[in-house]
Amino acid sequence: MRWLAIMLFAWNVHAEVVAFDTDHWARKATREMVDVNNTPSVRVEGACSPKWLNHHLGENSFILSDCEGYEGELFLEATTPALNSATMLIEVHDQVVAGVGAAICERFRHTHAVQSVRSRSLHQSDIDLSFLSTAEAAAAIQEIRGPQEWLLITPTNGNRSCA
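The text that follows walks through the structure, step by step, so that each part is easy to find. Here the structure is a predicted model, which is why all the values come from computation and not from measurement.

1. Some thoughts on the overall build of the protein chain
For the protein chain, the helix and strand inventory stands at 6 helices and 6 strands. The helix and strand sequence of the protein chain, counted from the amino end, reads α-β-α-β-α-β-α-β-α-β-α-β. Burial statistics for the protein chain: of 163 residues in total, 33% are counted as buried. Sequence separation of at least 24 residues holds for 72% of the intrachain contacts in the protein chain that already meet a minimum separation of 6. When the accessible surface of the protein chain is totalled, it reaches about 10,100 Å², and 54% of it is carbon and sulfur.

2. Overview of the sheet that holds strand 3 (residues 62-65)
Read across the sheet, 4 strands follow the order 3-4-6-5 without closing on themselves; strand pairing throughout is mixed. Each edge of the open sheet carries a strand with a single partner, namely strand 3 and strand 5 (112-118). Geometrically, the sheet is characterised by an average inter-axis angle of 15° between neighbouring strands, direction not taken into account. Summarising the sheet, strand 5 and strand 6 (residues 149-155) pair through 7 bridges and their orientation is antiparallel. Of the residues in strand 6, the one forming a bridge with alanine 113 is threonine 154.

3. Brief notes about the pairing of strand 4 (residues 87-92)
Two elements, strand 3 and strand 4, share 4 bridges in a ladder whose sense is parallel. Within the sheet, the bridge partner assigned to phenylalanine 62 lies in strand 4 and is threonine 87. Read from strand 3 through helix 4 (residues 71-77) to strand 4, the crossover connection turns out right-handed.

4. A look at the nonpolar core
Counting residues in hydrophobic clusters, the biggest one holds 21 residues, and the most contacted among them are Leu53, Phe75, Leu83, Met88, Ile104, Phe108 and Ile153. Only helix 3 (50-56), helix 4, strand 4, helix 5 (100-108) and strand 6 provide two or more residues apiece to this core. Here this core gets 4 residues from one element, more than from any other, and that element is helix 5.

5. What about the pattern of salt bridges?
Taken as a whole and judged by the stated rule, the model has 4 salt bridges. Of the charged contacts, one joins glutamate 16 and arginine 43 as a salt bridge, the two residues approaching to 2.3 Å between their closest N and O atoms. Linking glutamate 16 in the loop between helix 1 (2-11) and strand 1 (17-20) with arginine 43 in strand 2 (residues 42-45), this pair joins segments that are 27 residues apart in sequence. Classification of arginine 43 as partly exposed rests on a relative accessible area of 30%.

Reading guide: rules and limits
Residues numbered from 1 in each chain as written. Predicted model: local features only at pLDDT ≥ 70, side-chain atom pairs only at ≥ 80, totals over all residues. Heavy atoms only, no water. Helix = DSSP H or I, 4+ residues; strand = E, 2+ residues; numbered from the N terminus. Buried < 20%, exposed > 50% of the residue type's maximum accessible area, 1.4 Å probe, protein only. Contact = heavy atoms within 4.5 Å. Areas by Shrake-Rupley, 256 points an atom, 1.4 Å probe, with all protein chains shown as cover. Pairing = 2+ DSSP bridges. Axes fitted to C-alpha atoms, helices over the stretch in contact; angles between N-to-C directions. Right-handed = clockwise from strand over helix to strand, strands pointing away. Core = buried A, V, L, I, M, F, W, Y, C linked by side-chain atoms within 4.5 Å. Salt bridge = Lys/Arg side-chain N within 4 Å of Asp/Glu carboxyl O.

Laid out in structure tokens, this is it:
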């Protein structure tokens, strides 16, 4: 997701973008992308924590999270009021931490609308991959991790649901 930090900066050059990754190589690669794309307000950090969120998250933030099972601890233990106005797209890993998706949904049900978005199988006809061989095209659309689920969590004053 290194490219995403750069894309978010390009979308709003006045926004502060913080990209987290626990992997040293990934942080180095992200910093290189920051330099090449001249996006100096993109900060690259190690692990994000509930404590970091509590001390640094601003109002009306956008959070994109894919933290391989840590999402339960990260979002259930953070107590900052800034989460009440945050828009979040969180990949949940129920196969790693059973029930984490439902727990996150419950955590935000009073302040946000929560929509589950599940991956679907792609077919080669869904996208033009004519530049690839048949075998390469089949591999390109195969999700090797199995079905994925993302929660789109948007602040609301109106209807609230955990669908």
